[in-house]
Structure formats: C-alpha cells, structure tokens
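Notes for the structure review
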2 protein chains.
Amino acid sequence: MKHIEYPDLEAFFQPQSMAIAWASDDPLKLGGIPLKCAIERGYQGKIFPVNPKREIVQGIKAYPSILDIPEDVDVALLVMRADDVADVLWQCVKKRVKAAVIPVVGFAEIGGEGKKRQDEIVEICKSSGIRICGPNTNGLANVREGVTLGYSYAQEVAIPGRLGYVSQSGALLSATVPRFVKTGIGLSYFVASGNQADLDTFDYIKYMLDDPDTDVIAAYIEGLKNVDKFLDIADLSLEKGKPLIVLKVGRSEEAAKAAMAHTASMVGSDLVFDAICKQKGIIRVDDFDNMMATSLAFLNCKLPKGDRIGVLSTSGAATGIIADHAMNLGLHFPQLSTKTMEEASKILPGWPASGEMKNFWDIASALPGRMPDLSKRTIELFVRDENFDIIIAVSTPIERRAGEAVVSALVQASKETEKPIILLSPMGGLLEREVQIIAESNIPVVADAADCVKATAALIKYSQSYKSYKETKVVTAPLLAGNVKEVKQFSKSGGKTLSEHASKEFLYRYGIPITAEAIAKSVEEAVEIAGRIGYPLVLKVDSPDIIHKTDAGAIKLNISNEAELISAYYEVLANSSKYEPKAKIRGVLVQEMVKEGREVIVGMSHDPQFGPVIIFGLGGIFTEVLKDFSLRVAPIAKTDAEQMIKEIKGYKTLEVFRGKPQADLESIIDTLLKLSKLCTDLGHIVSEIDINPLMVLDNGKGVKVADALVVLS
Amino acid sequence: MKHIEYPDLEAFFQPQSMAIAWASDDPLKLGGIPLKCAIERGYQGKIFPVNPKREIVQGIKAYPSILDIPEDVDVALLVMRADDVADVLWQCVKKRVKAAVIPVVGFAEIGGEGKKRQDEIVEICKSSGIRICGPNTNGLANVREGVTLGYSYAQEVAIPGRLGYVSQSGALLSATVPRFVKTGIGLSYFVASGNQADLDTFDYIKYMLDDPDTDVIAAYIEGLKNVDKFLDIADLSLEKGKPLIVLKVGRSEEAAKAAMAHTASMVGSDLVFDAICKQKGIIRVDDFDNMMATSLAFLNCKLPKGDRIGVLSTSGAATGIIADHAMNLGLHFPQLSTKTMEEASKILPGWPASGEMKNFWDIASALPGRMPDLSKRTIELFVRDENFDIIIAVSTPIERRAGEAVVSALVQASKETEKPIILLSPMGGLLEREVQIIAESNIPVVADAADCVKATAALIKYSQSYKSYKETKVVTAPLLAGNVKEVKQFSKSGGKTLSEHASKEFLYRYGIPITAEAIAKSVEEAVEIAGRIGYPLVLKVDSPDIIHKTDAGAIKLNISNEAELISAYYEVLANSSKYEPKAKIRGVLVQEMVKEGREVIVGMSHDPQFGPVIIFGLGGIFTEVLKDFSLRVAPIAKTDAEQMIKEIKGYKTLEVFRGKPQADLESIIDTLLKLSKLCTDLGHIVSEIDINPLMVLDNGKGVKVADALVVLS
C-alpha cells in the first residue's frame, strides 16, 4: 500500500474565524444566507462580513475588503461573480487566509472560459498553499458548531449529529441533507466537493475518519480521480471501525460495456468498484431511502456478533414481505431455541399454532386483548433468545394503544441486550406517543421492508469485514517458489500475445498445474510425444496468428491411437493453411486430453482505474450472456478467493452435482491465490491472462489449465 | 372462461342504515370508535347503537337488542365476545339484516373451539342468505360516505378519494391505510377480508371494479382460494380499464421449491402467479413504498401512448441513479428530437456541453441564475418533444426559489400535454409552497428513484396490456388439424408414463415436428430403418423402466455407418440389461441425429392451483441451477409466446450469436402455441410434458423434438 498524504482541513471545519465576501444584508440572498445561518446556529468564532458598500451587515461590523480585516482569518467564503474570484482569492493569500470555499459556478464545468478561470485559481493554490473547496459546490458545514460556508437550503435545516456526509454532487447534497433531517439523522459535517479543483471527496472523508465526533460517513461518489486514495480510505475506515456508506451511480453504463464478449471488456470499472466494496467492507447503497435506513442503522446499532436474524412481528403479512426481500441476500433465519419455545408455551397457551413458522415469531396472538404485560414478556423472551444475533421487529398495531405497548416493550428489551434491534413500521413512521417512547432507545425505525432487510444485511456484512480485517490486518498472498526474474524473460521473447503453449509454461512457473503437452515440429515427433503422454490426446496448431482454433478446424479432440494421430496431424496443418494462408505455424501442440473435469474460467485483466483484477466464472455463455462471474482486485486473501467461488449462481454445479462428487475447490482457491501473487509480482508487465478452461477434477484430484492466453503489456 | 357469480355488496358499502352492537359511549373503546367515526365523518344514513345497558350512546338513541330496532337495518357491526356472535347473528337474520361485519377474533384462526364457532356462523349464512365480512378482520369502510364498520386506526385517519383497497391481512390494512394518508392518497373503500368465512378478497374487488367512484384498486393477497375467480377478476380489470395493483408474498418459499431439479417442481405457484400478472396486466408490487408510488401514479396519470421515457433533471447524479434502476426493467430512453435540440441551442447557448447525454436532459445549467423564465421554457420544450411518451422529472433545488420555479414550470407544462409526468424528489417530498403549486396538477411526487422507475414501468406495461386486451378481446390459440379423439387413445394404451417414442408420436399428432425415428425389434430391422433415415444416427433403448438412458449406457450418439450401428445395437441392449436386469425392453429406437441446432426445453406441468402451465428455457443447468426460464398459464396468445422467449436471460444465444444466424424463433413460438392448444384440449388427461431438448435449427429451418417425456394423469 502506497503512503498517501492528506491535507489538514482544520481551517475549513473548525475555523476560529470566517470571512464572508460579499456578505448581503438580505438573509434570503446568496450572500446573506450563510451569515444568517452562522448567527442563528451560534457560531462561536469570529465572523467578518466583507462588503465594500456597507459598514454593518446583518448587525455585524463589515469590512470593505478581505485585506481590511484587522485580525487573522482561517477561512473565507467567496460568493461573487466567477470573474471576480481570482482577485479576491489573491487578497486571501496576501491576508494569509488558510482556506477558501468557492461555491460559485462558471468554472471547469462549463468548459472554455470557465476552464481558464479554474486553471487560474489552481495556480494560486499551488503557488501559495491556500486550500480550496470547490468551485461549483454547495459548500460545507460543521453543523454542531455553526460553520455554514455555503448558501443551500441544507445550511438552513441540517441538525447536529454524528454522521459525516460528503457528496460529489451539489444538487444531490442540497436535496438529501433535508432528507437526513426528515429521517431524524444529525450530521457532524457535510460538504459538496464540486469541481475538486484542489481538495477531493477522499480528503474530506479522511478528515471525518479522524474526527472524534463522527461515527459513520455517508458519501455520494461519481467517479474516482485517485484509486490509491480510495483503497487507502477503505482500509482506514476498517482500521478505525467507522463504516463508510457509499451511493455510487454507474451500473447501467457498465452493464453496456459488460455486454461485450471478451473477458477484458467485461471488467467495467463499476463492477470492480462493487468488488472492492465487498473486499473492504464498504457499504454500497443504491437509492435515497436505502442510504437513509442504512445510515440510521449504523448510527444507532452496535455491530451484531453473528449473522443469525430473528424476526418478531405483529403481522404474518409483513413477515412474509421481509422473507421475500431477504431471499436473495443469503440471510440466515434460525429457529427459536428449545428453551424459548418451552417458556413461550407457558406464556402463550396453545402456541405455536400448527403451521406457524418457528423462525419468524408472530406475536399478534399476544395482542391486543392481553397486552401490555403479555407483549412485554413475549418480546423480552424473543430478544433474549441465544439463537439470534440481531432482531428485526415489526409493528402493525390495529389501534393506538397496541402500538405503544409494543414499542415500550421493545425499548425495555433493548436496554437489556447488546443485540441490535431494527423496527420496521409499515405505517411509514410511528405515532407521536410512540416516537417519544422510542427516543429513549437506540432502535432505528425503517418504513420499508427492503430497506430494513438491506440495513440488517449491511450491519452483518460490515461486522464480518471488520472482524476479519482486525484478525488478518495485512492481506498476504502465499509465497511461491517461482523465479520471478526467469518469468520476466517471457516478456522479452517476442510479441505481446503468447501462444497457448508459452502461456501455459508461463503459468506453470507460478505453480499453476497445466496439461502434459509438447510442441511437435514433425509427425514423427508428434508420435514420439504421444508415446510419452499417452492417449487420448488433443492436437492443436501452434501459431500466434490463429486465435480461434475451432473456427479454423485447427484443433482435433479425443485422438485415441497412432493412426488417428497421424491423420489428425496433417488435417490440423492443412486446415490452418487454408484458414489463414499467411499464418506463421510453429508446429502442432500434442496435449493430454482431460476428460473428467468440470470447466471453469480464471483470468486477470487490467482495469484502467484499479489495475489488476481477478475474474472467476463457469465460462462460455454463463459468463458472457448470463453475466454470472465474480471479480476482485488483486491482491486477494484466501477468504476473498472462497467468496469468489461461492458468489456465482452456478456454484451449485461445483458441489456434489448430478452424481458427481464435489469439485476440487481447494485447488481452484490455490489457483486464484497464485494468480493474485502473479499480479502482485508482474502486474506491470502482464496485461491480460485468460485461463479458459481450467479443468477442475473431483475433490482431491487438482486442477489443470487446458487452454490459456497471456498478453504482455 | 367459466361464468362466476358475485354477491351483491351494496348493503356493506352503501348501507341506508347501520346497527352497531355493542356500541360504547367511550369513543376510545372498540365499540365506541366506529360510532365516533361515523358521526365525525357525517354518515347520512341511520345509525342504531345497540346496548342493553344504555338508552343513549354518544348522543344517539340506543336499543337493547338488534330486534328492538324499529326500522330496517342494512348492515350490522358485531363487536362482542366471540361466544356471543352466533346468537346476535341469529337476531340479525330474524331482523332481515342483509349484511354483518364481524371483526372479532377467536374463530378459525385459533383452531379448535374457534373453528367450531366459525362453522356455526357459516351455517347461519348458508341457511339464511345473510352475508358476512370476517370474522377476524379490521372491518371495512366507505370513506366518502362515513360508513365505518370497524375499529382500527385506519377508520380514524382515512381520507376520501378514488383508490379501493382490499387486504387479506387486518394488521397490514391498519398499518397501510395511515400510510396511504401520509402519501396523500384518498380511498373510496377499504376492507380486510379476514378469515373469509363467507366473502373473499375477490368479491370485494369485484364490487370496486363496478363502482363508478373507484378508479384504481390496490390489494394485499396472501393466497388464492379460487383461481377461476382470480383469473376472471384479472380479465374484468382490463375490460373496465381499472388497474389492479397487488402486493403478494411468497417468492421466498417458492424459491426453495424451485431449487428442486425436475421441471414439474420448478413451477412453484408464486412463479405462476407472477406469470399471470404479466399475462393479464396486473401490477405486482413488492414493498410498501412501491405500492404507494404505483397507486399514486395510476390515480393521477393518464396512460402513456408508448414506452419512450424522457428524463428531465436538475441533477446528473439523480439521473444516474434513475438510469441504474431502469437498467433491469428494459426501459427505453430515446434521444431528444432534432427539433428540440435546435430550439434548445437557441435558448441555452453552448448546450449541450460535450459529453452531456442527449437522452437525459440536465437542466441544471438553466438554474439558478437565469430562472424562472428559462427553466419554464426549457421544461416546456422538453415535455413537448415528440420522442417521449412519458416524462420523469427530477427536482433537486439548491435553494427554495429554484424549487418553486421548477415545480411551477412543470405544472404549467403538464396542463398542455396528455403525457404522464412523474416527479422524483430526492428531498423526500416538496416544500410547503411547492406542495401548493403542484396540487393544481396531476403530477405524482415520488421520493425514491427505484419506486419512480417501477411506477413508470408499470404505467407503460399496463398501457400495453390494456391496448392488447382491447385489440384481441378473447385470446384464441391457433386451431390445429390434430384429431383429438385419436390422441386421447394414448391414455388408454398402458402406463402413465409414455416412452420417448410414444411421447413424440403424441406431440406429432399436435403438429409438433419430431426427429425421424422408428423402433427396431432386431438388428436387421435397425439396419433397414437406418437405410431409410440416413446417417448419422442415434440409438437408444426403448424401455419404460429405464428413464436415465445416459447413466445406463443405453444411448449411443453419432453412429456414422452400418458397422458402428450393429455394434452399438448390441451394446445398448447389453448395457441396459446390466443396468436394470428386470427392465422391460421393447426394442431399440433408431433416430435421426440432429447436429446443428441449439437446444432449448419446452414443457408443461400441472400447477396444483392454476392448472396447465407452459415452461420455456435453455434447459440443463440454465434452467435448474440458474433458474433462467419463463412461465405462462395456458392458454397463451402469440404475444405471450414471444415474451416467454425474450424474457430469459439466455435469449441472446438464440439471436445471431458466435457466428451462427438467428435461431428459428417463429418455430419455437409455433411449438409453444401448439402446446398451449394441447393443454386446452387435453389438460385434464395429461399431467406433464417435457420436451428436452427441442432442437432449434437456424432461422427458417424449423425445430425438432429430440427427446420427450409425456406423463398422463
């Protein structure tokens, strides 16, 4: 991991003094809103309004220019015509202002003239050391301390709390901060990174990761300028145990790219981004409610100790909706423990009724006639059950008092447990009295089943990533005996694309098993090689100019004796010459025929942003048409390799399947790890590896590369 | 379609008079709430509180018993101990009350004693003709007219409007009616069907379909008691042009069933339910917000004339989130028309900036400095564009006034177009002033991108289903020349499972092409048949006792001459005897070898609820492991067959693919329609058909059944 330097953002987020230029007396104007908000929010530092036309602005003494301010200024907000920004920024530099927020539009985002303006301010940054947020941003805020360096509606309404929020889009920031407020989520800081002329999204996230008053960070990310920084931030987030919740667009564009047939082109960068989220415990969300619910859950809940979910519900219908949404996320719903079952049958005579699910507890039968005592006891019992690590509770009260009883009992139970409890309210929120009751607890309330299930899954997944990070600390790929220097020779030996045989030899140096094979230059040599390998055999032309051997008729399978071998030898050569008369033909590859294995593909390609990426799938149309493959960025750990294999939908075919024993999964894992090591050592000189197919034999019998293509850079 | 009789529910939903027994003076008690609500809502009919202990209840004259009421009573609400219900119901019968609502719990849902109680009231129903809603329900309401026959929180808060709502779950009803209110959705009627001792969900839906004041119906459905009724309601919904929005649970249970390998067991009834929704234009939703947004869209929007969506946004970020969610729904986003592009470049100099998407219009550049006039003109231009049939607008204003300008311009534009416009507000709702402005229009406001996209897709899909229903009216499968009587002979000719050869002959009678083949009883006969068919050939044992021919070694492929044929003949027989010494062997099937085609499977199976179901897929692990198949309930129309083929993920392999021309899709459609006709004629005597594989030749060359299994009932 490269060492990344991050800037000091203290002057932006904890300024002792702020200048606002040009400050307006009208609290509805763009230059008036930030001043109004800072005053209303009780900012404790010094505020210096700058306005050449007024001595007092909104009741505070104003100065004609930045340079006229008699004291030190930490940060300046520049609200003015784009054309005036550079001049005032120079005044800031002279005044030794440390930081400037430039919300103004009219810079690189409009191209042309704007691009020039932006270049000019970047130049000022570089030569002076002043740091810049923006331009074309909605600015930033320290919500707790009244630092309001921007003029969006967000500045007016944000409430203080422990979520840090960074958005690359200003429009999205101003729309979603009010939504955080509606959801009851308080913010420590928020910032829109805008054109990122100087500071970028990850600089801000780093500040929040270090900040003791921020527990969770949410971010809207459009694209990555600096991949190393992203990977570093991801590690820091695990290191510090501060979950990073990311909303990122781009699946649809990438889906189009992924439609292309080649392995390399399947690796659209959004797919890789998604893989990194899985590897590094980043929580990826896909919509606004999903972001709200997940933020709420991480802000309020302790991490679950395991993945066993208990569902406690006043409605079988709502439970069913939860189960439907949980289906695709691989969530675990164990049954109630025997102990709970026994105690429950004492409290609720006749329970469970026949057909009732023992892993989803419907407490409707305890309501409403016999509550509140009964609902209190059943809820207590359920939450305590040792079979559950995390609880989803559902409240669908028929009338007001029943709802209060359920919520009270949940709050009571939550005080006696470490287990996270999430409350699903199909009503879309609680009634006034219930809101008061639940405020005493750390139970998040979510309105939709899908969001509730996703938040639960995110808590579990993050808890696992965090634990595994703490246990392994540094991901180390296994060391191999391969001689790196020798392998590097391959890159000097000719063209960029290695022939099949050369590709396999290359992989073999890294300890990846290949088929027994040799190149024959004559039919006699072919017969001799066949004698050593043994039948059945495969013959293939060895030519860098014929990639699609099947189309060319340049491959013969299942050759079972010498007569067939001889005729196949000539046929392969004849077909090859016919197919591509100018092809350079180096010989005929005589190869062991692997008949029994299951075919998979393993490959690496270079993502333009993320570097070497490792791919696993069943190959053929499974990979190309059905998109059933898994990805990770190199290097990978053993757990990553395991997950890659289990993640594909076709995984079942590698288990005991149609009378076959389990495939040798350990050998696939071993191959993936060796490929990862190869990427670490040689990622800079190898641009693509395509092992297609890797033949996977039955458990304990290993794997063999049956065909491969290595492309050097 | 069978003729279904529906009961008259006028007395429940439009009663001239209501009796409430026992009515309570306390408006917070269960017997007090309905009376309080009826008074507050201004019910115009007569109310007769029944209470043996009081002469006046909540200011209205009360009667000691139902029988003491001096006038006619249309409907009675029975709020009392479960044990007392039957007696009071008898009094209702004597009083000639037409309808009774029994919200009380303690009936079939608790089993035992409760079951007996329910049997008793069903008996009263049957013998007297009184109709019953419930028991174990949250009752019902005519919201407009103050009919409040139930005591849930829903009765207190519902607002009048044009959505009818039916729920099989009382708990879900009481939780979601307040949510409709929060969403601003008014209801005509709502009802929980409860134990459905007499009336069921579809009886209520039928009433609302006939009701002139209900435009759209939403329903929560748990299971189907009467499938014919469901299918009839689905047709009626299209006939009357009243969309039916259904939330149904059960995907997850079915997923478990679907994990089993056999074709028959894949057809879980939830999958079939889903297929029917697609066939009949029913809008299936999967969560609460999804139900709210979809209801809102159908209540407010006209149906779009086509499927071309325009996205008009103040945020590229929000547009990206929309595109990501739209990806899997196959939605169409055409580019702006040339005309609009030209006019736009006059209004917005420099637009579009390079790289800007021409099919998603980001109007942020028209904001905020130059609004409101500019945003008005750009929005007008966009909405008018002839390339769009439906508009998604996104508003993410930085400050208050910008939001008002966008909303005003949208409202203005909406008045001049028939096109539906849906507004996505990432803020999670509008500001107060914006709410006032939009109230003048029929633009629904949705808070989440996924819900917005799903509602848009639902409007488009329903519009297509409605149009296609009106055009075809009655779905007619093509008539075939097959002699039904003769085909029926097969069922008399022996066991239930037909051999491969008999199965194919059966299908052939319905005009489905099969491989050239015949049964040989001797090696000489085999040679003679081979002469007629021509090489290459396949040999298979013909035995009802050997199903898995490959495992038994009882199949030989690619036989290319007489010598191979003779040796294969004996080998097949020897292997078969070895594999299953007691097997009845009828001969050896000599069969044309189809080499060039692409393999698909086509089948039918009997769903226990829905009857004959038709299945299409690529077969093998595509179908079994990856679950990539499509279903429809027979009979199907040509458009259904087309959709079935295009719906599977592997569809691409049937198009021009890897150098092959398009497969003969018309012949697959033809096969599916012939199978559908077979289901209509013989669905009662055939329980399963498995054509696996159907070999599909290149376009224009047809299909051939290579292997098949028919099971008779």
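The paragraphs below set out a description of the structure included in this document. Since the model is a prediction, treat every value here as computed from it, not as a measurement.

Digging into the packing of helix α3 (residues 82–94) of chain A against helix α4 (residues 112–128) of chain A
Residue and element names in this part refer to chain A.
- Packing of α3 against α4 leaves a shortest axis separation of 10 Å and a crossing angle of 5 degrees. By the angle class used here, α3 and α4 are roughly parallel. Contacts from Ala 82, Asp 83, Val 85, Ala 86, Leu 89, Trp 90 and Val 93 in α3 reach Arg 117, Glu 120, Ile 121, Ile 124, Ser 127 and Ser 128 in α4.
- A breakdown of the residues in the contact of α3 with α4 according to their chemical character gives 8 nonpolar, 2 polar and 3 charged.

Observations regarding the pairing of strand β2 (residues 46–50) of chain A
Residues and elements named next belong to chain A.
- Counting buried positions along β2 yields 4 of 5 residues, so the element is predominantly enclosed.
- Of the pairings in the sheet, the one linking strand β1 (residues 17–21) to β2 comprises 5 bridges and is parallel in character. Paired with Met 18 across the two strands is Ile 47, which belongs to β2.
- In this fold, the crossover linking β1 to β2 by way of helix α2 (residues 33–40) has right-handed handedness.

Points about the packing of aromatic side chains
- The tally for this structure, following the rule as stated, stands at 25 aromatic pairs over all chains.
- Relative to Tyr 63 of chain B, the ring of Phe 48 of chain B lies with its centre 5.9 Å away and its plane at 65 degrees, an arrangement referred to as edge-to-face. Of this pair, Phe 48 of chain B sits in strand β2 (residues 46–50) while Tyr 63 of chain B is found in the loop between β4 (60–61) and β5 (75–78), placing the two residues 15 residues apart along the sequence.
- Residue Phe 48 of chain B is classed as buried on the basis of its relative accessible area, which comes to 4%.
- Residue class for Tyr 63 of chain B comes out buried when judged on its relative accessible area of 11%.
- These aromatic residues form a ring-pair network of at least three members: Phe 13, Tyr 189, Tyr 204 and Tyr 207 of chain A.
- Over the ring of Phe 273 of chain A we find Lys 248 of chain A, and its NZ or CZ is 4.9 Å from the ring centre.

A closer look at the sheet that holds strand β21 (residues 537–542) of chain B
Residues and elements named next belong to chain B.
- Taken together, the 4 strands give an open sheet; going across it, the order is β20-β23-β21-β22, and neighbouring strands pair in antiparallel fashion. Because the sheet does not close on itself, it has two edges, and the strands there are β20 (517–520) and β22 (555–559). For this sheet the average axis-to-axis angle between neighbouring strands, irrespective of direction, equals 20 degrees.
- The pairing of β21 with strand β23 (residues 587–592) spans 6 bridges and is classified as antiparallel. Bridge pairing in β23 links Asp 542 to Gly 587.
- Of the strands in this sheet, β20, β21 and β23 touch helix α20 (residues 500–509), which is tilted by about 145 degrees from β20.

Here is what the cut-offs are and how they apply
Position labels on residues start from 1 in each chain and follow its written sequence. Chain letters and ligand numbers both follow the written order, the letters beginning at A and the numbers at 1. In view of the model being predicted, local features appear only for residues whose pLDDT reaches at least 70, and side-chain atom pairs are presented and counted only at 80 or more, with totals across whole chains, interfaces and linings using the full set of residues. To get the side-chain values, all heavy atoms of the structure are used, and hydrogens and water are removed first. Angles run from 0 to 180 degrees between N-to-C directions of axes, and those axes are lines fitted to C-alpha atoms, restricted for helices to the stretch in contact. Secondary structure follows DSSP: runs of H or I at least 4 residues long count as helices, runs of E at least 2 residues long count as strands, and numbering of each begins at the N terminus. To sort the angles, those under 35 degrees are grouped as roughly parallel, those over 145 as roughly antiparallel, those from 65 to 115 as roughly perpendicular, and the leftovers as oblique. Two residues form a contact once any of their heavy atoms are found within 4.5 Å. Only Asp, Glu, Lys and Arg are considered charged, only Ala, Val, Leu, Ile, Met, Phe, Trp, Tyr, Cys and Pro nonpolar, and every remaining residue, Gly among them, polar. Summary of the burial criterion: residues with accessible area below 20% of their type's maximum are buried, those above 50% are exposed, and those between are partly exposed, where the area comes from a 1.4 Å probe applied to protein chains only. Strand pairing is defined by DSSP finding a minimum of two bridges between the two strands. Viewed with both strands pointing away, a crossover whose connecting path from the first strand over the helix to the second turns clockwise is right-handed. A pair of Phe, Tyr and Trp rings is counted when the ring centres sit within 6.5 Å of each other, with Trp represented by its six-membered ring. The angle between the planes then sorts it: under 30 degrees is stacked, over 60 is edge-to-face, the rest tilted. Criterion for a charge above a ring: Arg CZ or Lys NZ at most 6 Å from the ring centre, at most 35 degrees from the ring normal.

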